[in-house]
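What follows is each chain in one-letter form.
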Amino acid sequence: RKTETEGRASEINAWLSTHCSRQHHPTIRRKDLLYLILDDLDLLYTDAGKRNPIVDERHFVCTVSHAGYRRAVGPVGLTRDRVESALRKAREQVEARDRGKCGTGRWNGKEWNVISDSPILVPHLAALRSDDCPSWITEIARRYVTEEQRKMRKDND
């Protein structure tokens, strides 16, 4: 039998699975979705005090502060601190998604777009996203990006 927090967490997870599926968004992977769960129950933990594996803290903001077992303390709802926390988490999600798209942080968004548009480099995108990318592939990509940027500057002059 599920407790109240486990039931709510399962309900939210089911909604995300249904509405964020490939059927609804065929070009988006779930890990690339940006979302926040705002709830007055602390869904990060089960009623038994164990960490709830269904809810990822990077996507969760509790709208109530608790002291002890489910005893609400302080203001309820979206306070300034909770809104700032939610905005920080949303920003971190965007940054994490962008790092996943552009690799290890070695490439910025513009550079990654140049690399992704290169027929020569497309077969190596997975390697270029990895920390274990062979140096010769990285060097070819770096030279290609530098050359393309030089061409763009020359065209704009």
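For the structure given in this document, a descriptive report is provided here.

Definitions and limits used
Residues numbered from 1 in each chain as written. Predicted model: local features only at pLDDT ≥ 70, side-chain atom pairs only at ≥ 80, totals over all residues. Heavy atoms only, no water. Helix = DSSP H or I, 4+ residues; strand = E, 2+ residues; numbered from the N terminus. Buried < 20%, exposed > 50% of the residue type's maximum accessible area, 1.4 Å probe, protein only. Arc of directions from axis to C-beta. Patch = residues over 30% accessible without salt bridge, like charges linked within 9 Å, V, L, I, M, F, W, Y side chains within 5 Å. Areas by Shrake-Rupley, 256 points an atom, 1.4 Å probe, with all protein chains shown as cover. Salt bridge = Lys/Arg side-chain N within 4 Å of Asp/Glu carboxyl O. Axes fitted to C-alpha atoms, helices over the stretch in contact; angles between N-to-C directions. Parallel < 35°, antiparallel > 145°, perpendicular 65-115°, else oblique. Contact = heavy atoms within 4.5 Å. Nonpolar A, V, L, I, M, F, W, Y, C, P; charged D, E, K, R; others polar. Expected span 1.5 Å × (residues − 1).

A count of helices and strands for the chain gives five helices and four strands. Listed N to C, the secondary structure of the chain is α-β-β-β-β-α-α-α-α in terms of helices and strands. The buried share of the chain, taken over its 157 residues, is 31%.

Let us now look at helix H3 (residues 109–116). When we look at burial in H3, the residues that qualify are Glu111, Trp112, Val114 and Ile115. For H3, the buried positions fall inside an angular range of 155° around the axis, keeping them on one side.

With that settled, consider a nonpolar patch on the surface. A grouping of Leu36, Leu38, Leu78, Val83 and Leu87 is seen on the molecular surface, where their side chains present a nonpolar patch of about 410 Å² in accessible area. Within the fold, Leu38 resides in strand E1 (residues 37–39).

Our next topic: the packing of H3 against helix H5 (residues 135–156). Contact geometry for H3 and H5: axes closest at 10 Å, N-to-C directions at 100°. Our classification of the angle between H3 and H5 gives roughly perpendicular. Of H5, the residues touching H3 (which contributes Glu111, Val114 and Ile115) are Ala141, Arg142, Tyr144, Val145, Glu148, Gln149 and Met152. In terms of residue class, the contact of H3 with H5 is made up of six nonpolar, one polar and three charged.

It is possible for side chains of opposite charge to pair when their charged atoms get near one another. Tallied over the full model, the rule gives nine salt bridges. Here Glu92 ties to Arg88 by a salt bridge, and the two come within 3.3 Å at their closest N and O atoms. Of this pair, Glu92 and Arg88 both sit in helix H2 (residues 80–102), four residues apart, which is roughly one turn of that helix. Among the salt bridges present, the one from Glu111 reaches Arg142, with a minimum N-O distance of 3.4 Å. In this pair, Glu111 sits in helix H3 while Arg142 sits in helix H5, placing the two residues 31 residues apart along the sequence. Salt bridges sharing partners connect three or more residues here, namely Arg8, Asp39 and Asp40.

Looking at where His59 falls in the secondary structure, it is placed in the loop between E1 and strand E2 (60–62). Residue class for His59 comes out buried when judged on its relative accessible area of 11%. In this structure, His59 is in contact with Leu33, Tyr35, Leu36, Ile37 and Gln93, ignoring residues within four places of it in sequence.

Moving on, we get to helix H1 (residues 4–19). The first and last C-alpha atoms of H1 sit 22 Å apart over 16 residues, in line with the 22 Å expected at 1.5 Å per residue. Considered for burial, the residues of H1 that qualify are Thr5, Ala9, Ser10, Ile12 and Leu16. Viewed end-on, H1 has its buried residues packed into an arc of 165°, placing them on one side of the element. Along H1, exposed side chains directed more than 90 degrees from the buried face belong to Glu4 and Glu11. Each element contacted by the buried residues of H1 is listed here: E1.

Any link to function would need more than the numbers given here.
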